[in-house]
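# A structural walkthrough
The residues making up each chain are set out below.
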Amino acid sequence: MHRLFVAIRPPERVRDLLVDAMDDSPALRWVPDDNLHLTLRFVGEVERPLADDIAHALQRVRSDPFELRIDGVGRFDQRNGGAVWAGVKPKEPVATLAAKVDRACVAAGIEPERRLFHPHITLARFGRSAKSEVDPFVRRNAALASEQFEVGSFTLFESRLSRHGAHYEVVADFPLG
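What comes next concerns the included structure. (Residues numbered from 1 in each chain as written. Predicted model: local features only at pLDDT ≥ 70, side-chain atom pairs only at ≥ 80, totals over all residues. Heavy atoms only, no water.)

## Describing the overall build of the chain
Under the convention used in this document: Secondary structure counts use DSSP, requiring at least four H or I residues in a row for a helix and at least two E residues in a row for a strand, with both numbered from the N terminus. The quantity called the radius of gyration is restricted to C-alpha atoms. Its globule counterpart is 2.2 Å times the number of residues to the power 0.38. Throughout this description, buried means an accessible area under 20% of the type-specific maximum (1.4 Å probe, protein chains only), exposed means over 50%, and partly exposed covers the range between. Accessible surface is estimated by sampling points in the Shrake-Rupley manner with a 1.4 Å probe; for residues, cover comes only from the protein chains shown. Positive charges come from Lys and Arg alone, negative charges from Asp and Glu alone, with His and the N- and C-terminal ends not counted. Every charge is mapped onto a representative atom, which is NZ of Lys, CZ of Arg, CG of Asp or CD of Glu.
If you tally the helices and strands in the chain, you get four helices and nine strands. For the chain, the sequential pattern of α-helices and β-strands runs β-α-β-β-α-β-β-α-β-α-β-β-β. Relative to the globule expectation of 16 Å for 177 residues, the C-alpha radius of gyration of the chain, 16 Å, shows essentially globular dimensions. Oriented by its inertia axes, the alpha-carbon framework of the chain measures out at about 45 × 35 × 25 Å. Buried residues in the chain amount to 45% of all 177 residues. Taken as a whole, the chain presents about 9800 Å² of accessible surface, with 48% of it coming from carbon and sulfur. Here the chain holds 25 positive side-chain charges and 26 negative ones, and the gap between their average locations is 6 Å.

Okay, structure coming up:
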């Protein structure tokens, strides 16, 4: 089985900005630089033939390159914890690309995504007991912003889980334009 997702990998200068914002908050489990990405579509576990079909369908996605910038931070709360994220703007071009990626995945045989798309880059995860400690980080970094950066491609990744966390491997890159 292959655990796949489709994402945009920000350029190094943007990842550096995000890593620099990470502090020593003990309640937060920071995402390492190698794993910083903006998910367009989580696919999940699939067998090799379907993984190949997905990669082939993604080759047909057409979109012009576009520009994004980091714009603030926020949090998602869940019953057992949550995540701290960096937002991006403008949302429209990345949402349009995510919709095209979703349609390609559906054409390859995956169920359509039912969750509302919220473009973001996850910075950290936290447990239920740490929820109150997240607000100071969010307040300190509310104005986090980057210069614009061009999105010229998207990537199909395979996620391999281990006791040391997730490791992402590039399966294929897909240029825009």
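## Focus on the pairing of strand 8 (residues 153-162)
One face of the sheet, then the other: side chains in a regular strand alternate in exactly this way. For the record, the criterion: DSSP calls a pair of strands paired once it identifies at least 2 bridges connecting them.
Examined bridge by bridge, strand 1 (residues 2-8) and strand 8 share four bridges and lie antiparallel to one another. Bridging from a neighbouring strand, Ala-7 pairs with Thr-155 of strand 8. Here ten bridges tie strand 8 to strand 9 (residues 165-175), and the two strands are oriented antiparallel to one another. Bridge pairing in strand 9 links Arg-160 to His-167.

## Re the environment of Glu-113
Rules: Two N or O atoms count as a polar contact when they lie within 3.5 Å, although within protein this holds only if one can serve as hydrogen donor and the other as acceptor, and sequence-adjacent residues are included solely when both atoms are side-chain atoms.
You can see Glu-113 is positioned in the loop between helix 3 (91-108) and strand 6 (120-127). Among the residues examined, Glu-113 registers a relative accessible area of 28% and is labelled partly exposed. Remark: the alpha-carbon pair of Glu-113 and Phe-42, spanning 71 residues in sequence, is separated by 8.4 Å. Among the polar contacts listed, one links the side chain of Glu-113 to the side chain of Arg-115, at a separation of 2.8 Å.

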